[in-house]
Amino acid sequence: MYKHILVPVDLNEQGFADKAAQSAVWQARHSGAQLHLLTVLPGIHMSMVATYFPRDAANKMKQDVGQRLQAFAQQYLPEDIHYQLHVAEGKPYTTILEYAAKLKAELIIMPSHKRSRMDKVMLGSVASKVVENAPIPVLVIKPQG
C-alpha cells in the first residue's frame, strides 16, 4: 500500500514522537514501506540569523541533531525496519510538505502536541497546517490524557 512514509520528529518534545514512530513501524511492517524520519531546524542559515552565530555553528548544529535523530531511530525503530534520516532547515510545516513531495511519500505520520486553546490561536499548529495543506493522507497521533 505504502512505499514511503514520512515521520516528522521534534526531538525537543519527549513522549510525542515515540508514539508516532510506533504507529509508523506498524504501518511499515504491514505495507513493506521505508520510513523517513525528518527533523526540521529553524532557518539558521538565513542572513539575519547567521550573523549571530560563529561560521561553523550551523554545521555543528546539524551534525548534533543528526546524531540525536540517529539515537532516536535506534531506540524506537526495530532492526527489520528500513529507514532513512533527514535533517533539514526551514519553516517546519512547509519543509515537511516539501520533503513529502521530494521523497514521494504516500503517508505522513506525525504527533500532535498538546496545546492550550490560546496557544493554537496565537501560534497555530504544525500538524494542523500539514493536514490542511498536504496532498497525501496524514495520520496525526494525539497525546494521551
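Computed from a predicted structure; not experimentally measured. (Residues numbered from 1 in each chain as written. Predicted model: local features only at pLDDT ≥ 70, side-chain atom pairs only at ≥ 80, totals over all residues. Heavy atoms only, no water.)

**Here's the deal with helix 1 (residues 17-31)**
Okay, so step 1: Between the first and last C-alpha of helix 1 there are 21 Å, a value that for 15 residues agrees with the 21 Å anticipated at 1.5 Å per step.
Okay, so step 2: What helix 1 keeps buried is the set Ala-17, Asp-18, Ala-20, Ala-21, Ala-24, Val-25, Gln-27, Ala-28 and Ser-31.
Okay, so step 3: Buried residues along helix 1 sit in contact with strand 1 (4-8), strand 2 (34-41), helix 3 (57-76), strand 4 (107-111) and strand 5 (138-141).
Okay, so step 4: Positive phi shows up at Gly-32, right after helix 1, with a value of about 70 degrees. (Helix = DSSP H or I, 4+ residues; strand = E, 2+ residues; numbered from the N terminus. Expected span 1.5 Å × (residues − 1). Buried < 20%, exposed > 50% of the residue type's maximum accessible area, 1.4 Å probe, protein only. Contact = heavy atoms within 4.5 Å.)

**Some points on the pairing of strand 1**
Okay, so step 1: A large share of strand 1 lies buried, amounting to four of its five residues.
Okay, so step 2: In this sheet, strand 2 lies alongside strand 1 in parallel orientation, the contact comprising five bridges. For His-4, the partnering residue across the bridge sits in strand 2 and is Gln-34.
Okay, so step 3: In terms of strand pairing, strand 1 meets strand 4 through two bridges, oriented parallel. Paired with Leu-6 across the strands is Ile-108, a residue of strand 4. (Pairing = 2+ DSSP bridges.)

**Quick notes on the packing of helix 4 (residues 92-102) against helix 6 (residues 126-133)**
Okay, so step 1: Contact pair helix 4 / helix 6: the axes reach a minimum separation of 9 Å and the direction vectors enclose 40 degrees. One element, helix 4, and the other, helix 6, form an angle in the oblique class. When you trace helix 4 past helix 6, the crossing you get is right-handed. Across the interface between the two elements, Pro-92, Tyr-93, Ile-96 and Leu-97 from helix 4 touch Val-126, Lys-129, Val-130 and Asn-133 from helix 6. (Axes fitted to C-alpha atoms, helices over the stretch in contact; angles between N-to-C directions. Parallel < 35°, antiparallel > 145°, perpendicular 65-115°, else oblique. Left-handed = near helix turned anticlockwise from the far one by under 90°.)

**Remarks on the sheet that holds strand 4**
Okay, so step 1: Strand order in the open sheet made by the five strands is 3-2-1-4-5, with parallel pairing throughout. Each having just a single partner strand, strand 3 (83-89) and strand 5 make up the two edges of the open sheet. Across the sheet, the axes of successive neighbouring strands diverge by a mean angle of 20 degrees, strand direction being ignored.
Okay, so step 2: Where strand 4 lies against strand 5, four bridges are found, and the strand directions are parallel.

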